[in-house]
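Inside the fold
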Amino acid sequence: MNNKIIGDEAFRHLLHDGMTIMCGGFMAVGTPAYLVKQILLSGVTDLTLICNDTGFVDKGIGPLIASGQVKRVIASHIGTNPETGRRMIAGEIEVELVPQGTLAERIRCGGAGLGGVLTPTGLGTVVEEHKQQIVVNNTPWLLELPLRAELAILGAAVADETGNLIYALTARNFNPLMALAAEVVVAQVERVVPTGMLNPEVIITPAALVDYLYVEEAA
């Protein structure tokens, strides 16, 4: 199944203005830097990014913020990238801040085909604004809606030729969840091994979820 491996041009053909992209990573750890670079070079604009954070100005997903290609961000925090905050205050970008656990659950719901998740997180705060409250057994809950994307870009350590993925330590973070919640999934990997070489017990993201592989060595 070597046809899953794509290069720069084929990846850029997956992109278009106004699309929604999920990007794995936690403060740039597990973020696919080569794929972010290709998005930069493509020049696509008006993007909506779903990510844990916006990295740093020059690392992680941050360069896309600095380039002005992003119109909306859904993330759990933006504190490590002052450019995100500056653009938000200036009205150049819309930011939806979501508690981190809630963000993970909304993505999981999107991947599982669920209608949402009930959580007490955010009750009595600005988080509950414009959201539906549901009372269950006399207890109020916030209904948080699922998140999906047209494209998910992941950062993994190793893949086999069919697209089974394993991650390196904490680089796992949001990547496996996002593999479930996008129409097209592209994984940037450090290397590809023959099918059958990976121990099934360490495979985290199965090949059925991965549409394309982008190999760092070939980038």
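Shown above is the structure to which this text applies.
Described in the following lines is the structure provided in the data block.

About the cut-offs
Residues numbered from 1 in each chain as written. Predicted model: local features only at pLDDT ≥ 70, side-chain atom pairs only at ≥ 80, totals over all residues. Heavy atoms only, no water. Pairing = 2+ DSSP bridges. Helix = DSSP H or I, 4+ residues; strand = E, 2+ residues; numbered from the N terminus. Axes fitted to C-alpha atoms, helices over the stretch in contact; angles between N-to-C directions. Buried < 20%, exposed > 50% of the residue type's maximum accessible area, 1.4 Å probe, protein only. Contact = heavy atoms within 4.5 Å. Salt bridge = Lys/Arg side-chain N within 4 Å of Asp/Glu carboxyl O. 1 Å grid on protein atoms, 1.4 Å probe; cavity = no way out; pocket = protein on both sides within 12 Å on 5 of 7 lines; lining within 4 Å. Points joined across faces, edges and corners; volume = space filled by probe spheres on them. Nonpolar A, V, L, I, M, F, W, Y, C, P; charged D, E, K, R; others polar.

**Some words on the sheet that holds strand β7 (residues 139-144)**
- Pairing is antiparallel across the open sheet formed by three strands, whose spatial order is β5-β7-β6. In the strand order of this sheet, the two ends are held by β5 (117-119) and β6 (133-136), each with one partner. Taking each pair of neighbouring strands and ignoring which way they run, the sheet shows an average axis angle of 45°.
- Of the strand pairs in this sheet, β6 and β7 are connected by four bridges, and their pairing is antiparallel. Across the sheet, Ile134 pairs through a bridge with Trp141, a residue of β7.

**A short note on the environment of Glu161**
- Examined against the element boundaries, Glu161 turns out to sit in the loop between β8 (149-160) and β9 (165-166).
- When its relative accessible area of 26% is taken as the criterion, Glu161 is described as partly exposed.
- Between the C-alpha atoms of Glu161 and Lys37, which are 124 residues apart in sequence, the distance is 24 Å.

**Here's the deal with the side chain of Arg106**
- Assignment of secondary structure puts Arg106 in helix α5 (residues 100-112).
- A relative accessible area of 7% means that Arg106 is categorised as buried.
- When near neighbours in sequence (up to four residues on either side) are disregarded, Arg106 contacts Glu96, Val98, Glu144, Leu145, Pro146 and Leu147.

**Focus: the pattern of salt bridges**
- Summed over the entire model, instances satisfying the criterion amount to 11 salt bridges.
- Notably, a salt bridge pairs Arg72 with Glu94, separated by 3.3 Å at the nearest N-O pair. Taken together, the residues span a long stretch of sequence, with Arg72 in strand β3 (residues 70-75) and Glu94 in strand β4 (residues 94-97) at a distance of 22 residues.
- Classification of Arg72 as partly exposed rests on a relative accessible area of 26%.
- Residue Glu83 is joined to Arg86 by a salt bridge in which the shortest nitrogen-to-oxygen separation is 2.9 Å. One end of the pair, Glu83, and the other, Arg86, are both in helix α4 (residues 82-89), three residues apart, so they sit about a helical turn from each other.
- You can call Glu83 buried: its relative accessible area is 17%.
- What makes Arg86 partly exposed here is its relative accessible area of 40%.

**Here we look at α4**
- Along α4, the residues classified as buried are Glu83, Thr84, Gly85 and Arg87.
- Phi turns positive one or two residues past the end of α4, at Gly91, with a value near 80°.

**Overview of empty space enclosed by the protein**
- Tallied over the full model, the rule gives one cavity of 30 Å³ or more.
- Computed from the structure, the largest cavity encloses a volume of approximately 50 Å³.
- Counted by class, the lining of the largest cavity contains six nonpolar, seven polar and one charged residues.

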